[in-house]
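Residue-level listing of the chains:
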Amino acid sequence: MPRYVALLRGVSPMNAKMPDLKRCFEAAGFTDVKTLLSSGNVVFSTARATAIATLQKRAEKAMLDGQGYSFASTVRSTAHLQQLIQADPFAAFKLKPGSKRVVTFLREPLAESPVELPVTHGEACILGLDGGEVFCSYVPEAKGPVFMHLLEKTFGKTITTRTWDTVRKCAVA
C-alpha cells in the first residue's frame, strides 16, 4: 500500500488536536493513519497510488467535513521523502556553525527558482530548489524565524516548512 504524509500548514497544538485530525483522515477512507509530532504531519496509506493533487484536495475536504475547517495540505509519499533524505541536499553546502536545516514544501513543483539562489537575509539562507522542495538553513537569532519571512517573500504563502529532523521522522513513519 502506498504511504503518504500530509504536511499541514499552520498547525500547532493551539489550533488543532491531533486525534481529531486522525479521525478526519480515517473518516475519509485513508488507512493506517497516524499523526506525528504536533505540527500537522498526518501519515496515511491508500489502497493504490494516487495523484498528489488529488490527495491534497481529499485531505483538505476530510478536515473540512470532519471539523468544519481545514488546513492547506501538501502531500508527499514517504518513498519520496526517503529518497530526499538519502540524497542529503544540504551536503553540497558549507553551512554556518549552529545552522538549522529546514525543508520548505511547495504545493506545486517549480522548474526553476523565481530568484537566483542562494539568497541570504541575516542568518538565513535559501540554498536551493529541487522541484517541490526548497532547502534553507538558518542560525537561530533573537529576531525569531526570519527565514520564514524570506521564504514567504520568495515562494508565497502556500508553502509549509519542516525541520530536517521532522522530515526524517515523516519518511519512516
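All of these numbers come straight from a predicted model, not from anything done at the bench.

In terms of nonpolar packing, the biggest core is built from 18 residues, with Leu 81, Leu 84, Val 103 and Val 167 touching the most fellow members. Looking at this core, the elements with two or more residues in it are strand 1 (3-8), helix 3 (78-87), strand 5 (100-106), strand 7 (124-130) and helix 5 (164-171). By residue number, the principal contributor to this core is helix 5, which donates four residues. Excluding residues that lie within four positions of it along the chain, Val 167 makes contacts with Leu 81, Leu 84, Ile 85, Val 103, Phe 105 and Arg 162.

Turning next to the packing of aromatic side chains. Summed over all chains, the structure comprises seven aromatic pairs. Between Phe 25 and Phe 44 the ring centres are 5.7 Å apart and the planes differ by 45°, which places this aromatic pair in the tilted class. On the criterion of sequence distance, the pair formed by Phe 25 in helix 1 (residues 18-27) and Phe 44 in strand 3 (residues 41-45) is long-range, its members being 19 residues apart. Each of the two residues, Phe 25 as well as Phe 44, counts as buried. Chaining the aromatic ring pairs together yields one cluster made of Tyr 4, Phe 25, Phe 30 and Phe 44. Positioned over the ring face of Phe 30 is Arg 58, at 4.1 Å from the centre of the ring.

Conventions and cut-offs
- Every chain is numbered independently, its residues counted from 1 as its sequence is written.
- In view of the model being predicted, local features appear only for residues whose pLDDT reaches at least 70, and side-chain atom pairs are presented and counted only at 80 or more, with totals across whole chains, interfaces and linings using the full set of residues.
- Only hydrogens and water are removed before side-chain values are computed, so all heavy atoms of the structure are retained for them.
- Definition used in this section: a nonpolar core is a set of buried Ala, Val, Leu, Ile, Met, Phe, Trp, Tyr and Cys residues joined via side-chain atoms within 4.5 Å.
- Burial classes: relative accessible area under 20% of the type maximum marks a residue as buried, over 50% as exposed, and values in between as partly exposed (1.4 Å probe, protein chains only).
- Only DSSP runs of H or I covering at least 4 residues are called helices, and only runs of E covering at least 2 are called strands; the numbering of each starts at the N terminus.
- Residue contacts are counted whenever heavy atoms from the two residues lie within 4.5 Å of one another.
- Whether two aromatic rings pair depends on their centres lying within 6.5 Å, for rings of Phe, Tyr and Trp, where Trp uses its six-membered ring; planes under 30 degrees apart make the pair stacked, over 60 edge-to-face, and the rest tilted.
- Any Lys NZ or Arg CZ found within 6 Å of a ring centre and within 35 degrees of that ring's normal is scored as a charge over the ring.

Just distances and angles here, no functional claims.
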